[in-house]
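Chain by chain, the residues:
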Amino acid sequence: MRSQPRTWIGLVFLQFTEIAGADVQSDTAFFESNIRPHLVESCYKCHSVEAGKSKGGLLLDTKVGIRTGGDNGPAVVPGKIEESLLFAAISHAQPDLEMPPKKERLPDKVLLDFRKWIESGAPDPRTESTGKISTAPTDLESGRKFWAFQKPVAHPTPNSSKNKTWATSALDHFVFAKLDENGLVPSADAEPTVLLRRIHFDLVGLPPSLQDKADFLKAIEKMGLDSAFAERVGLLLASERYGERWGRHWLDVARFAESSGKESNFTFPEAWRYRDYVIDAFNNDVPFDRFVIEQLAGDLLTATNDAERARHLTATGYLAIGPLSLNAMSREQSLADIADEQINASTQAFMATTVACARCHDHKFDAISMEDYYAMVGIFRSSKTFFGTAVGPDNQLGGELIQLSKTLGLPVFYQPMKPEAVTKLKQDKVELIAKEKEAQAKAAQAVKEGKDPSEFFSLQMAIGNIWRKGAIDGKLALVDEKGNSNVMCMGVTEGEEIKNSPIYERGELATPRQSTVKRGFPKVVQLSNSPEIPEDESGRLQYADWLTHPDHPLTARVMANRVWKHLFRTGIVRTTDNFGFNGERPSHPELLDYLALQLVNEHQWSVKKLIRELVLSRTYRQASDYEEKAFLKDPENRLLWRMSKRRLDAEEIRDAMLFVAGDLDLERPAGSLIGRTGNRNAALLPFAKNIPADLDGSTARSVYLPVVRDRLPDVLELFDFAESSLVTGHRETTNVPMQALYFMNSRFVEERASSFASRIRNEIKGTDSLETEMEVAFRRCFNRLPDAEEKEIGLAFFKKTNGSDALKRYGQALLSTAMFRNLD
Amino acid sequence: MNGPILSSRRAHLKSMSSGFSYLAFAGLAAEAAAKKSSKGLFVRQPHFPARAKRVIFLCMKGGPSHVDTFDYKPELQKRNGEPWRGGSARLLASAQEFKQHGESGLRISSLFPNLAKNHADDLCVINSMHTDLPSHPQAYTQLHTGSFQFVRPSLGAWSLYGLGSSNQNLPGFVTLSPPSDMGGANNYGSAFLPAIYQGAKIGGGQLPALFSALTGKTEEPGPPMKNIDNPNVSRETQRAQIDLIAGLDRRKLDSDHHNPEIEGAIQSFELAYRMQDEIPDILDLKSEPESIRKLYGIGNGGEGDRFAKQCLLARRLAESGVRFVEVTAPTSWDHHSLLNDNLAKSSAITDQPIAALLTDLKKRGMLNDTLVVWSGEFGRTPYAQGLGDGRDHNNKGYSMWMAGGGVKGGYNHGATDDFGYKAIEKPVHIHDLHATILHLLGLDHEKLTYNYAGRDFRLTDVYGNVVRDVLA
C-alpha cells in the first residue's frame, strides 16, 4: 500500500492520456455502441457505399474512407481533434461546414464521444476497402482481381540504406521498410531472459525452468546470443511439448470438441484420437500440405501398414468432430447440416473463406455462388461421416464409428465380453422388442374395451424401452461378434452413393432445382491444372489436392498468417479466418506473399521451418516496451515497432501453475476423461463418478483436458478458450472478476498453492527466513530474485498473515499476479 | 483463520487500516480502469431513450398451451371432439374457464387466479407468436439466440453488450438454474461476443425431465455459484493477499507503463473480493421480511417453493443492478398427456410467485422500467394427441406476455385462427419479439452489431420488426 498514492495518480493520469489502442475489444465495443450508430444515422445517407453517395468525395462507412477523407482533406486524423474535419463539421465549429446539414447539432454527449474516440486514436473495427474497389467484388471477374484470390508473387526485398545493422532476414527488411515509411524505427532487442521466457511460452507453452535459464545464459557466454538463441529454438522445436502447444492452435481452428454440442449434447468418446493425431503430426512436422490431405481424405490414401492406415483414418476425424444436430426434423436435414458444417469448417480453416454463406443465396460479399456451394455439397454428401452416438430418446441420429485394427495396441476404454454375453445381449434385445409389441397390443385392446391402457403401456414405458434398447445397442457397438473390444475412431469414408447435388432454393430441402451441379470447387480460384473429380469418387481427395496446389492463392497464405499470428500476436491479416472482402486487408501484403512462398518452396510446407524463420528474425526479438511517439502513431502496433505483449492462454496459465508448483505430469494421458466415461448426454456428466466438478482433476497438460461443447473445464471457460463450435484462429482476451475468483477460491489453485509451499519448504530445508522463502518462491515463479521493493511488499504481507499457511497464501498470491500470466 | 467466513462488507471495511480514503480511490480507480480496460461492463448509453432498464425473463420451458391459458377460442370450445381438418385428430376444447379480468377485461384462464386477479391490466399478451420449428431444442435455442442452426450470442448477452451494467460487483447477466439440455449453455452464452457478456449461472442446471425421472434429482449437484467462496482462508488473509498482488502488479507497472492488462487485473481482484460478499448477501433470502416471503409463496413446499425463491431472487438481482435475469420455471409445460392434471401442476407452481413478483416490482416502483417477459418456446395444438388427453407441439401460433417497462397493459396483440392453430392477425416472429425487447431497452436491433470474422452480426440476423402496437 505504501506506494499507492503515486501509482494512483498514475492511473488517473492514464485514464485521460492513454490511448487504449492495444485494447481492441473495448475499442470495438466503444465504437459499436457510441460511434457507429451516429455515423449510420446521421452520415451514411450522403457518405456511404451502400447509399451510393459520396458527397464532397467523402465516404464515412469504411475506415479507409473516413481517414482518407474527401475533397477537403481527412475527415478523421487519429489522435488529432483539431485536424479532424469530421469533428469540426459535427460540432458546427465552422459556419460553412455544419453537419448533418440543415439539422440540429448532435447532442453534446455524442460530440464528447466523438472527441474521445478521435483522441484515443479513432480505433475503427470496420472492414477496410482497398480504395479501388468500393463495392464487394461478387462477380467472378472482379472477384478474381480481389487481392486474396490472386496468386502470391515474389516481391523484391526492400533494402534501405538506413537499415545496415538491424535486419537479419528478408522478413526484417519488409518490416523495416513499412516502419521507415511511417517515420518509425524498430525497438531495441529484448533482454535475454525476457526473450527466453517469450520463446518458451510461444513454442512449447511452458515457462523456462531454472536450469533452462542457467543453460541459456551459459550458452550466450559461450557462443553469443544469436547462436545460443538458435540452439534454444532448435531444442524447443524438437521437444514433444511443441506439438502439445502448436497442435492446440490447430485444434482451435479445427473446432475440436468431444461432444456434439447444440441442442442434444452427446459426448464423442473417440474424439481424443484425432486430438492425439494432431499433436503427433505437429511433433513429426508432417508437411502442411500432407496434413491437409490426411484430414480431408486420409481414408483414400494408400498405407504401407495397419498403423499408418489407422493414422490416416483417424485424421479424417477432422470432418466428423463438428457441432451436430442430433434432433433435426429429419435424417435428410441432418445430413444436409453435416455437409454444411464440413464445408463451412474446411473452407474457413484452410482458405479463410466463408463458402457456406452461399447455402441460401449467392455470397453477398465474395465471388462465391450458390453453384459453388452445391458443387461442394455434392462432395460431402457423397461421403459418409462416422460420429458414433448411440440412439436414445434425445438422440434420433445414431451413428457408427470406423473400425481400426485391433492389433496395434491402441488404447481402448471398454472391457471385452465373453461371446456368451454378446449372444445374451442380442437375445435381450429381441425379447425387449417382443415384449413391447405384446404390451402395445394389450393396451390397444384395453382402449377398445374402454379401459385404462396405461397399466399395459404408457409413455414412460415407451421411453424406458428406447432407453434400454439404446443401451444394448451401445454395448454391442463396443465389441465384435466374439466379444473382443472394438478399436474405433471418428472419421469419414466414401459414401454408398456418389452423386451431384441440386441447388436448393433458400437452402431448403423442400425446394430443389431441377438440375444438379457437378461436384467441384469455387470457381473464383483459378489453378493451372485444377484436379478433376472422377465420376466414381466423392471428390474429397481432389478437394485436398486443389487446396494444396502450389498455385492456390489462399492455403499457404492463410497458414503462414496463422503461424505469424501466434508469434506476433496479430495476423498480418487480422481476421485470420476471413480473407474475403469483409475481412481485413493485410498490413504487410508483400511480406505475407513472401511468407506464403517461403512456406511452399523454401520450407516445403514444413511448419517448424517457417516458425524457425519467424522467431530467428530481428523483428521477433524486439523488446515490448512502451514508446510514446510510436504508440501515438500506431497504437495497435500493426507496423511492429515493438513486440506486442500478450496474456497467456488458459492452457498456459494452468500448465505454468502446475509447472511452478512441481505438479506437472508430462506423460500423455491415455485417451481423455470423456473417452473413459463413454457415450452419454453431457447433462449427465456431473453425475458420472469419475468426473470432477471442475472437469479437471488431473495434473497432465491442459491440452488433454476434456473439451465438451458448452461444458468446459473451469479454467478453460474462464480464460477465453476458443468457442469450440466455431473456427477460431484468434482467441479473445478478457479480464474479469470471475478469473480473480478462480485464483482466490478454486480447488485447482488451492492445490497448486499447497504443493508450491511444500516445494519451497523442501528446497530451503529448514532455513527459517522469510527472505529466503520469498527468494525461492520468486525464482520458481519468475526465474529471478525479488528486488528490494518487492521484498518489502512481501514482508508487509507476512506481517499481516502469519498463520501456518502464510507461505501457501504468499505463493498463491504470486501465482495470481498479472506478471505470472502475462508475457513481455 | 477462525473468523466468520462471510464477514459482512461493512465490518470488513471498518477493519481496513486505510479506511475511507483507500476505498474512495480504490473505487475511483476501479471505475477508471473498468471504463478503460476491463472490456467493459460499464454503463453505455442506449441508441435512444430506453423504456426498460432491465429484463426479467420468466422462461416456461416445454411450450405452455396457449389455448388453455391466454388465447380464448369459443369456436374450439363449441367443436370439441370434431375431426381436425378431416383427419383422425380430434379437436380438444379447453377445460379451463376464461373470464375477463381487470378494467381491460383481458381474458386469462382459471389456471392463473393470482395473476388474473391482480395483474390483468399489467399484461401485454401477444396472441400471434410463431417460431420456425415445432421441436423443443431448436425452438428453445431460437427463443434465446434467434438461431437454431448456429451458435449465436443469447438475448441476454446482446442486451448486456449494448447497455453494460450499473453494478460492477455482480455479473450483468444472470440465469437461474437453466436447463442443462435444450441447448445448454448455448442459451446464455456469448458465442463470438467477448466472454464478459455471457450469463452467469446461479444454481445447478435443471436436468432434462427424462434424466430427472431416472436419477430422482431435479438439479445438477454443486454450489449455487462456482468459486465464490474459499472455506480455507479468512477474509483478512485474502485482503492481505490482494494487497500483495496489487503491490507486485503496481511494481511491475512502474517499469511497464501503459499496460492495460495489468491495470485491469488489479481492478478485477478488487471487484472479485467485493463480489464474494455481495453475491452471498443477495442469495440470502432470509433478510427479506416474512410478508414478502409469504407473498411469493416461500414455505409452500415443493417446486412452487423453489420457483418462489427464484422469483424473489430475480427481483433482488434486478434491484442490485443486474441487467438481464432469466428464471427457468422448474416445471415442464410439455403436456402431451394428462393435460389438465399437468396444467394444474405447472400453473400452481408458477402463478403465485409470478403475481407476487409483479406486485413487488410495482410496490417498489420498479415495474415502470423493468420488462418482465413470460414465454415458452412454442405453444400447443388445438387438437388432441395420443390417448386424447394431451396436446402436441405447435410453432405456428402461440401466446406470450410482457409486463412493465414500456409495454401497454391489459392489451392483446394479434390473433390466431378460430382454433388457435395458426397466427393469422399481425403475426409476431421470434425475431420481431427480439427486436421489440431491444427497442424497449433503447437499442436499435439493426444497429446493435458486432463484427466477427469480418461480418457485422445482429441478434435478429437480417430480420425483425419492432412491434410498435405493444409500446405504451
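Once a new chain begins, its residue numbering starts again from 1 and follows that chain's sequence as written. Labels are handed out in written order, letters beginning with A for the chains and numbers beginning with 1 for the ligands. Residue-level local features of this predicted model are given only where pLDDT is at least 70; pairs of side-chain atoms are given and counted only at 80 or more, and the full residue set underlies all totals for whole chains, interfaces and linings.

Draft legend 1. Representation of the overall build of chain B in the model. Going along the chain from the N terminus, every DSSP run of H or I of four or more residues is numbered as a helix, and every run of E of two or more is numbered as a strand. A count of helical and extended segments in chain B gives 13 helices and 17 strands. Sorting the 472 residues of chain B into buried and exposed places 60% on the buried side. Any pair of residues counts as being in contact when their C-beta atoms, constructed from backbone geometry, are within 7 Å of one another. Excluding contacts between residues fewer than 6 apart, the proportion of contacts in chain B whose partners are at least 24 apart in sequence is 74%. We call a residue exposed when 12 or fewer other C-beta atoms sit within 10 Å of its C-beta, buried when the count reaches 20 or more, and partly exposed for counts in between; the C-beta positions come from the backbone.

Draft legend 2. Molecular detail of the overall build of chain A. A count of helices and strands for chain A gives 32 helices and 10 strands. Our radius of gyration looks at C-alpha atoms and nothing else; its globule reference is 2.2 Å times the residue count to the power 0.38. In terms of C-alpha radius of gyration, chain A reaches 30 Å, essentially the compact-globule figure of 28 Å for 824 residues. Buried residues in chain A amount to 52% of all 824 residues. Partitioning the contacts of chain A with sequence separation of at least 6, the portion at a separation of at least 24 is 67%.

Draft legend 3. Quick look at the packing of helix H12 (residues 288-297) of chain A against helix H19 (residues 540-547) of chain A. Residue and element names in this part refer to chain A. Fitted lines through C-alpha atoms give the axes, limited to the stretch in contact for helices. The angle between two N-to-C directions lies from 0 to 180 degrees. Relative orientation of the contacting elements H12 and H19 amounts to 160 degrees, with a least axis distance of 9 Å. Taken together, the axes of H12 and H19 are roughly antiparallel relative to one another. The handedness of the crossing between H12 and H19 is right-handed. The residues of H19 that touch H12, namely those facing Val292, Ile293, Leu296 and Ala297, are Arg540, Leu541, Tyr543, Ala544 and Leu547. Note on residue classes: Ala, Val, Leu, Ile, Met, Phe, Trp, Tyr, Cys and Pro are nonpolar, Asp, Glu, Lys and Arg are charged, and everything else, Gly too, is polar. Class assignment of the residues belonging to the contact of H12 with H19 gives a composition of 8 nonpolar, no polar and 1 charged. Roughly parallel refers to an angle under 35 degrees, roughly antiparallel to one over 145, roughly perpendicular to one between 65 and 115, and oblique to any angle outside these ranges. Throughout, a crossing is termed right-handed when the near helix is turned clockwise from the far one, and left-handed when it is turned anticlockwise from it by less than a right angle.

Draft legend 4. Quick look at the pairing of strand S11 (residues 398-404) of chain B. Residues and elements named next belong to chain B. Here S11 lies mainly inside the structure; 7 of its 7 residues are buried. Both strand S4 (residues 123-130) and S11 contribute to a ladder of 5 bridges, which runs antiparallel. Across the sheet, Leu123 pairs through a bridge with Ala403, a residue of S11. As judged from the 4 bridges shared by strand S8 (residues 370-375) and S11, these two strands associate in the antiparallel manner. Of the residues in S11, the one forming a bridge with Leu371 is Gly404. Note: two strands are recorded as paired if DSSP finds a minimum of 2 bridges between them.

Draft legend 5. Main features of the domain arrangement of chain A. Under the domain assignment used here, chain A contains domain 1 (20-126), domain 2 (425-474) and domain 3 (745-823). Domain ranges listed in this record stem from an automatic or a database domain assignment. Inter-centroid distance (C-alpha atoms) of domain 1 of chain A to domain 2 of chain A is 69 Å.

Draft legend 6. Just the environment of Ala560 of chain A, in detail. Residue and element names in this part refer to chain A. Along the chain, Ala560 turns up in helix H20 (residues 555-568). For Ala560, a count of 28 C-beta atoms within 10 Å gives the class buried. Sequence separation of Ala560 and Leu597 is 37 residues, and the distance between their C-alpha atoms is 9.3 Å. If we ignore the near neighbours within four places in the chain, the residues touching Ala560 are Leu592, Leu595, Ala596, Leu599 and Leu610.

Draft legend 7. Structural context of H19 of chain A. All names here are of chain A. With 7 of its 8 residues buried, H19 lies for the most part within the structure. Residues of H19 that are buried include every one of Arg540, Leu541, Gln542, Tyr543, Ala544, Trp546 and Leu547, and no others. Contact partners of the buried residues in H19: H12, helix H15 (331-351), helix H16 (370-381), strand S3 (383-386) and H20.

Draft legend 8. Structural context of the confidence of the model for chain B. Mean pLDDT over chain B works out to 86, with 90% of the residues at or above the 70 mark. Overall fold confidence (pTM) sits at 0.78, and the ipTM for the predicted complex is 0.81. One confidence number per residue, pLDDT, is output by the predictor and ranges from 0 to 100.

Draft legend 9. Structural context of the environment of Gly247 of chain A. Residue and element names in this part refer to chain A. Summarising the element assignment, Gly247 is placed in helix H10 (residues 240-253). By the C-beta count within 10 Å, which is 21 here, Gly247 ends up buried. In the structure, Gly247 is positioned 33 residues away from Asp280 in sequence and 7.9 Å away in space, judged by C-alpha atoms. Beyond its immediate chain neighbours, meaning those up to four positions away, Gly247 contacts Val278, Ile279, Phe282 and Val703.

Draft legend 10. Spatial organisation of the environment of Met182 of chain B. In this fold, Met182 of chain B is placed in the loop between strand S5 (173-176) and strand S6 (200-202). As a C-alpha pair, Met182 of chain B and His136 of chain B span 46 residues in sequence and 6.8 Å in three-dimensional space.

Draft legend 11. Representation of unusual backbone geometry in the model. With an omega of -15 degrees, the peptide bond running from Met99 of chain A to Pro100 of chain A counts as cis. Mapped onto the elements of the fold, Pro100 of chain A is located in the loop between helix H4 (85-90) and helix H5 (108-119). Even without glycine at this site, Trp605 of chain A takes up a positive phi of about 65 degrees. Mapped onto the fold, Trp605 of chain A is located in the loop between helix H21 (589-602) and helix H22 (607-615). When the 22 C-beta atoms within 10 Å are taken as the criterion, Trp605 of chain A is described as buried. Unusually for a residue other than glycine, Ala191 of chain B sits at a positive phi of about 45 degrees. Considering the arrangement of structural elements, one finds Ala191 of chain B in the loop between S5 and S6. Judged by local crowding, Ala191 of chain B falls into the buried class, with 22 C-beta atoms found within 10 Å.

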